Amino acid sequence: MIPYGRQSVDQADIDAVLAVLQSDWLTQGPTIDAFEQAVAARCEAAFGVAVCNATAALHIACLAAGLGPGDWLWTSPNTFLASANCGRYCGADVDFVDIDPQTWNLDVEALAGKLQVAQAMGRLPKVVVAVAFSGQSCDMRQLAELAERYAFTVIEDASHAVGARYAGRPVGCGEFAAMTVFSFHPVKIITSAEGGMVLTNRPELADRLRRLRSHGMTRDPQQMSEASHGPWYYQQVELGFNYRMTDLQAALGLSQLKKLDGFVQRRQYLAARYQQLLQDLPLTLPKAQADAQSAWHLYVVRLQLDGLQRSHRQVFEGLREAGIGVNLHYIPVHLQPYYQALGFAQGDFPEAEHYYAEAISLPIYPGLSDSEQDYVVQQVRRWIQEPSIS
Ligand SMILES: *Cc1c(COP(=O)(O)O)cnc(C)c1O
């Protein structure tokens, strides 16, 4: 089976992990700091806070933004569950903004309209989680203007977009978002097995994130309610978690980071090749968002079902039978039973639902060879063009 995505791990990665395994620090050691600093430097951010996964990163980013009960978090319905769930972890209410039919990202025009209505109702969001769907940022420039006008915090969920660029700078630089979250899950751009990071330029946020990552503990006398009892002393000043990354994971991440440019280049090459090889088919291919240079975590096509003899599901299953691990990103989050129980219903976000009825993620990852990609293209052609095979 050719998967839709997979990690590329080489001997240098293995050696890096083994070196840490034989060192004094399996966790809470110097490799964490090195990884945080390297990612922050690469992305032109002041601070990086490494955590056990991007879901945890989103959770503590929301807490650091002050999100709590009675507040609203808004995000795109076309995302992984975690972009919305992080609001629920904080006791906040979650709402969605429909997607742009061209870029499949959160529609910032629609957001502007929804904010006006929300203002009139006194229900403005405290946090907007802007998902860089498939690896390209949404209209962050306009989003930042709206954040200014309506006083909400922008958290960019850039789980797909490590190594991507926006407005000529690396995603994560913090020009348009207070905090940016990365995932290092194996299907993402670089991996630490499990892992995530929050990038920010604001020292008070970085401080708070570090504290929340580790039980709400501090060893900083300035944050304590009384004088230190001695060198052993720490205080728990709020409720935090154990969301730490291990040094083994950080070693893998650090080693992978060295290959980031090559990984993204290979993904861009494969995406450009798909655009070329699929252009004559009844498919809607991904379109570039103005200002964004995608990291191409996903390569999604939409079937133009009017012109096809087959259903979306038949094409999907046909490709799976042909040994191609196609996938579907994403089932609109508001259609999940958990969110339906909160009051969302079919029809609430029609662009995301329409997208869901047509989308298929084709394989894209650095190790995908040209000939494997040719096979994928040949099978896509077969399953959408030939009226009755099988
Ligand atoms: C993968 C992903 C996450 C969660 O990442 P984990 O590291 O697995 O917790 C969050 N948001 C988006 C958009 C993702 O794709």
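Keep in mind the model is a prediction, meaning the values are calculated, not measured.

Any chance you could break down the packing of aromatic side chains for me, citing the residues and the numbers?
Per the counting criterion, the structure on display carries 15 aromatic pairs. Here the aromatic rings of W104 and Y355 are separated by 5.4 Å at their centres, their planes lie at 55°, and the arrangement is tilted. Here Y355 lies in helix α12 (residues 350–356) and W104 lies in the loop between β4 (93–96) and α5 (108–121), a separation of 251 residues in the sequence. Like Y355, W104 is buried. Note on Y166 and F176: the rings are 5.4 Å apart at their centroids and 90° apart in plane angle, and the pair reads as edge-to-face.

Tell me about the sheet that holds strand β10 (residues 196–200), residues and numbers included.
Taken in spatial order, the 7 strands line up as β2-β10-β9-β6-β5-β3-β4 in an open sheet, and their pairing is mixed. In this open sheet, the two strands that pair with only one neighbour each are β2 (47–51) and β4. The mean inter-strand angle of the sheet, taken between neighbouring strand axes irrespective of direction, is 20°. Against the sheet, helix α2 (residues 30–42) touches β2, β9 (179–183) and β10, its axis set at about 130° to β2.

Help me get a handle on the pairing of strand β17 (residues 359–362), residues and values and all.
Here β17 shows a buried face lined by A359 and S361 and a second buried face lined by I360 and L362. For strand β15 (residues 299–303) and β17, the ladder comprises 4 bridges, and the chain directions are antiparallel. Among the inter-strand pairings, V301 is bridged to a residue of β17, identified as I360.

Quick rundown of helix α13 (residues 370–385)? Include the residues and the values.
For α13, which comprises 16 residues, the first-to-last C-alpha distance of 22 Å matches the rise-based estimate of 22 Å (1.5 Å per residue) to within 8%. Among the residues of α13, Q373, V376, V377, Q379, V380, W383 and I384 are the ones counted as buried. The arc that holds every buried residue of α13, seen down its axis, measures 165°, which confines them to one face.

Any details on the site of the ligand? Residues and values, ideally.
Taken together, 14 residues lie near the ligand, and A54, T55, D157, H160 and K188 sit nearest. Here A54 contributes a backbone N or O atom positioned 2.8 Å from an oxygen atom of the ligand. Residue S183 places a side-chain N or O atom 2.8 Å away from an oxygen atom belonging to the ligand. Burial of the ligand by the protein amounts to 92% of the accessible area it has alone, namely 380 Å². Looking at the shell around the ligand, the elements that each hand over two or more residues are α3 (54–64) and α4 (82–89). Of the residues that constitute the shell around the ligand, the class distribution is 4 nonpolar, 8 polar and 2 charged.

About the cut-offs
- Residues numbered from 1 in each chain as written.
- Predicted model: local features only at pLDDT ≥ 70, side-chain atom pairs only at ≥ 80, totals over all residues.
- Heavy atoms only, no water.
- Phe/Tyr/Trp six-rings, centres within 6.5 Å; stacked < 30°, edge-to-face > 60°.
- Helix = DSSP H or I, 4+ residues; strand = E, 2+ residues; numbered from the N terminus.
- Buried < 20%, exposed > 50% of the residue type's maximum accessible area, 1.4 Å probe, protein only.
- Pairing = 2+ DSSP bridges.
- Axes fitted to C-alpha atoms, helices over the stretch in contact; angles between N-to-C directions.
- Contact = heavy atoms within 4.5 Å.
- Expected span 1.5 Å × (residues − 1).
- Arc of directions from axis to C-beta.
- Near = heavy atom within 4 Å.
- Polar contact = N/O pair within 3.5 Å; in protein donor to acceptor, adjacent residues only side chain to side chain.
- Areas by Shrake-Rupley, 256 points an atom, 1.4 Å probe, with all protein chains shown as cover.
- Nonpolar A, V, L, I, M, F, W, Y, C, P; charged D, E, K, R; others polar.

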